[in-house]
Structures are given as C-alpha cells and as structure tokens.
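The chain contents come next:
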Amino acid sequence: MTTQPRVLITGGAGFLGSHLCERFLAEDHEVLCMDNLITGSLSNIEHLFTDPKFHFIHQDVTEFIHIAGRLDSILHFASPASPIDYLELPIQTLKVGSLGTHKALGLAKAKGARFLLASTSECYGDPKVHPQSEDYWGNVNPVGPRGVYDEAKRFAEAMTMAYHRFHGVETRIVRIFNTYGPRMRLNDGRALPAFMSQALEGKDMTVFGDGSQTRSFCFVDDLVEGITRLLRSDETLPTNIGNPAEMTILQFAEKVIEITGSKSKITFKDLPEDDPKVRQPDISKAQRVLGWEPQVDLDTGLVRTLEYFRLKLGAGESAARTKV
Ligand code: UDP
C-alpha cells in the first residue's frame with residue numbers, strides 16, 4: 001500500500017492547477033487532477049500522464065465527487081478566471097464557486113483532508129483601500145458583470161470558513177492577485193496573453209480605458225511556492241499571495257513591447273464595466289506568517305513567458321480574442 005501523500009487538485013488542467021500538479025508530483029505526492037476542461041486544457045497536463053503517480057478525472061466539480069481511498073489535501077482551483085471567460089460562462093462561474101466549493105468541502109470533511117480554496121483579489125472589488133490587506137472587506141458590485149466571479153468567490157470563502165468553524169475541517173484560503181506565466185491560454189483575454197500575442201503577431205495592442213488603471217503581476221512559480229507554504233501552515237484566515245510591484249496597464253503594455261521587440265502600436269478601447277482602478281497586494285501577512293515573498297522580477301518572468309508564447313504561436317494556436 002502506498003504511503004505517499006494523496007492530493008486532489010480541482011481545475012488541475014488549468015493554468016495554475018497544472019503548475020500545482022507538477023509541483024506536488026515533484027514532491028512525490030500522488031496527484032488526482034480533476035477538470036471538466038471548459039477552460040482548462042489537456043495540453044497543459046499531457047506531459048504528466050506518463051507519471052504513474054498522476055491520475056486525471058474528467059469531471060465537473062459541481063457534481064457529486066466520489067474518490068476511492070484516502071485523501072490528504074484538496075486544492076480547489078476549478079473556476080473560469082479571466083474576465084471574458086466569466087462573462088461568457090456566468091452560470092458555470094457561479095456554480096463552481098458555490099456548488100463546486102460545497103462538494104469539494106464535503107469531500108474534505110468525509111476524508112479528513114486539508115482544504116485550500118483558491119480565492120482572489122476580486123474579493124476586494126474596485127477597492128477603496130490601497131494597497132489591499134486581508135482585513136479590508138472590499139467594494140464589490142454584486143449585480144455588475146464581474147459579480148458572478150466576485151460573489152461566487154466571496155461565497156466560497158464564507159462556505160470554507162463555515163466548514164472550518166462548524167465541522168472542524170482544516171482550511172486555508174489564498175487570495176490570488178494577477179499571476180502570469182507559461183500555460184496561460186493565448187486567447188483567454190487577460191492583459192498579458194492579449195498583449196504578448198498581439199506584440200508577437202505585430203497587431204495593435206488593445207489597452208482598455210486610458211491605461212491608467214494599475215495591476216501588480218506575479219510570476220507563477222512564486223505563486224505556487226506561496227500556495228504550498230500556506231497549505232502547510234496553520235493559517236486559517238485569508239492570505240494574499242501576489243507581487244506588490246504595481247504598474248499601470250499602459251506601462252505594462254509598453255514593457256511587453258520592449259521585451260518582445262515588437263513594432264506593434266498601442267490602441268485604446270472602452271474600459272470594461274467595473275474594471276478595478278487600482279490593485280496591489282499588501283503581502284506583509286504572507287511575509288510574516290509564511291516567510292514568503294516573490295523572487296522573480298518582471299523582466300525575468302516575462303522572458304520565460306515569451307518563450308512559451310512563441311512556441312504556441314509557432315504551433316499555429318490562435319490568439320485572436322479580446323472583449324466579447
Ligand atoms: N486589459 C487591457 N487590454 C486587454 C486585456 C485587459 O487593457 O486586452 C486591462 C483590463 O481592462 C484590466 C487589466 O488590463 O484593467 C487587467 O485585466 P485582466 O483581464 O488581465 O485581469 P483583471 O485584473 O481585470 O482581473
């Protein structure tokens with residue numbers, strides 16, 4: 001009988017989920033990767049199928065989950081996460097954050113497994129406090145187009161805390177800020193894949209609004225390290241993980257032009273409704289409790305991401321898709 005730790009990663013074929021699968025396999029865990037593949041992709045995990053410790057379960061996490069045998073941890077990462085995805089998939093987004101979180105927590109309770117919720121900086125909405133620390137309750141429009149994601153994740157946090165307080169499940173909540181790196185979908189519509197594929201294809205770069213809104217971008221390897229530390233810590237209340245290096249979206253677009261050496265021009269499009277004006281994580285809690293802070297600077301992270309995008313575009317993958 002195996003004594004390796006056994007971990008279930010929902011959304012395991014997605015951008016973050018696939019990096020987490022890799023990380024836990026590298027640490028000799030048995031990894032069960034669950035995904036319904038509506039935004040995740042087998043191409044993110046196909047290199048893992050030769051590993052006997054890796055198992056793929058093609059399932060929607062909002063349906064009853066049956067897993068035979070023990071489970072030590074559940075990382076609940078299933079959800080559309082790009083604004084244009086959750087505008088196209090509003091009901092699925094609400095269902096996976098609510099029903100899916102309920103199912104995954106029920107499984108954690110039944111198995112005595114530790115549960116980690118992938119939450120989001122969107123819980124802070126269009127924030128009135130800057131930078132955002134975990135004790136800020138946020139400024140979310142529940143009935144705006146982004147409400148389907150923000151409120152699903154806020155509900156998921158409440159549900160997670162209820163399972164912790166009422167059922168004694170060991171739970172962790174990570175509030176993830178903008179993250180980038182290899183395996184982002186070229187056409188997922190977020191700023192980095194949009195800008196990088198536009199730059200590589202010599203197309204106009206679509207900056208929304210006047211580009212003065214800010215974001216703070218974290219390289220995926222740093223995020224995975226922070227999540228792993230949080231899972232193994234004793235911290236039950238939400239913890240921000242992200243890179244505090246804040247910049248405007250216009251500066252970010254210019255950075256992508258510089259890194260790619262592209263001749264693309266910047267064009268301005270309408271700002272999506274409820275697009276947050278500022279976003280920057282206060283990571284003092286992660287520094288204090290987890291001894292974590294990002295290690296990869298933007299130039300290094302962008303060069304690594306660029307290699308991936310070049311390969312994908314070279315393989316003929318289509319990138320065209322901006323706002324719906
Ligand atoms: N954005 C942009 N052009 C694009 C895609 C996004 O200017 O082609 C902007 C978007 O309006 C937002 C920021 O970039 O202000 C980050 O958007 P993203 O979709 O990556 O994620 P968000 O942080 O809004 O969840």
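See above for the structure.
Presented here is an overview of the structure given in this document. (Residues numbered from 1 in each chain as written. Predicted model: local features only at pLDDT ≥ 70, side-chain atom pairs only at ≥ 80, totals over all residues. Heavy atoms only, no water.)

1. Some remarks on the nonpolar core
Right, so step 1: Leu75, Phe77, Leu192 and Ile227 are the most contacted members of the largest nonpolar core, which totals 57 residues.
Right, so step 2: The residues touching Leu192, leaving out its near neighbours within four places in the chain, are Tyr180, Met184, Phe252, Val256, Leu302, Thr305 and Phe309.
Right, so step 3: Counting residues in hydrophobic clusters, the runner-up holds 23 residues, among them Ala78, Phe115, Met161 and Tyr163. (Core = buried A, V, L, I, M, F, W, Y, C linked by side-chain atoms within 4.5 Å. Buried < 20%, exposed > 50% of the residue type's maximum accessible area, 1.4 Å probe, protein only. Contact = heavy atoms within 4.5 Å.)

2. Notes on the sheet that holds strand β3 (residues 54-58)
Right, so step 1: Taking strand neighbours across the sheet as the criterion, the seven strands line up as β3-β2-β1-β4-β5-β6-β11 in an open arrangement whose pairing is parallel. Sheet topology places β3 and β11 (239-241) at the edges, where each strand pairs with a single neighbour. Going from strand to strand, the sheet's axes swing by 20° on average, the running direction of each strand aside.
Right, so step 2: Here strand β6 (residues 171-176) runs beside β11; their pairing, made up of three bridges, is parallel. Directly across from Ile176, in β11, lies its bridge partner Ile241. (Pairing = 2+ DSSP bridges. Helix = DSSP H or I, 4+ residues; strand = E, 2+ residues; numbered from the N terminus. Axes fitted to C-alpha atoms, helices over the stretch in contact; angles between N-to-C directions.)

3. Quick notes on the packing of helix α1 (residues 15-26) against helix α6 (residues 220-232)
Right, so step 1: Contact geometry of α1 with α6 gives a least axis separation of 10 Å together with a crossing angle of 65°. Relative to α6, the crossing made by α1 is right-handed. Where α1 abuts α6, its residues Phe15, Leu16, His19, Leu20, Arg23 and Phe24 lie against Val220, Leu223, Val224, Glu225, Ile227, Thr228, Leu231 and Arg232.
Right, so step 2: Looking at the contact of α1 with α6 residue by residue, the class counts come to nine nonpolar, two polar and three charged. (Left-handed = near helix turned anticlockwise from the far one by under 90°. Nonpolar A, V, L, I, M, F, W, Y, C, P; charged D, E, K, R; others polar.)

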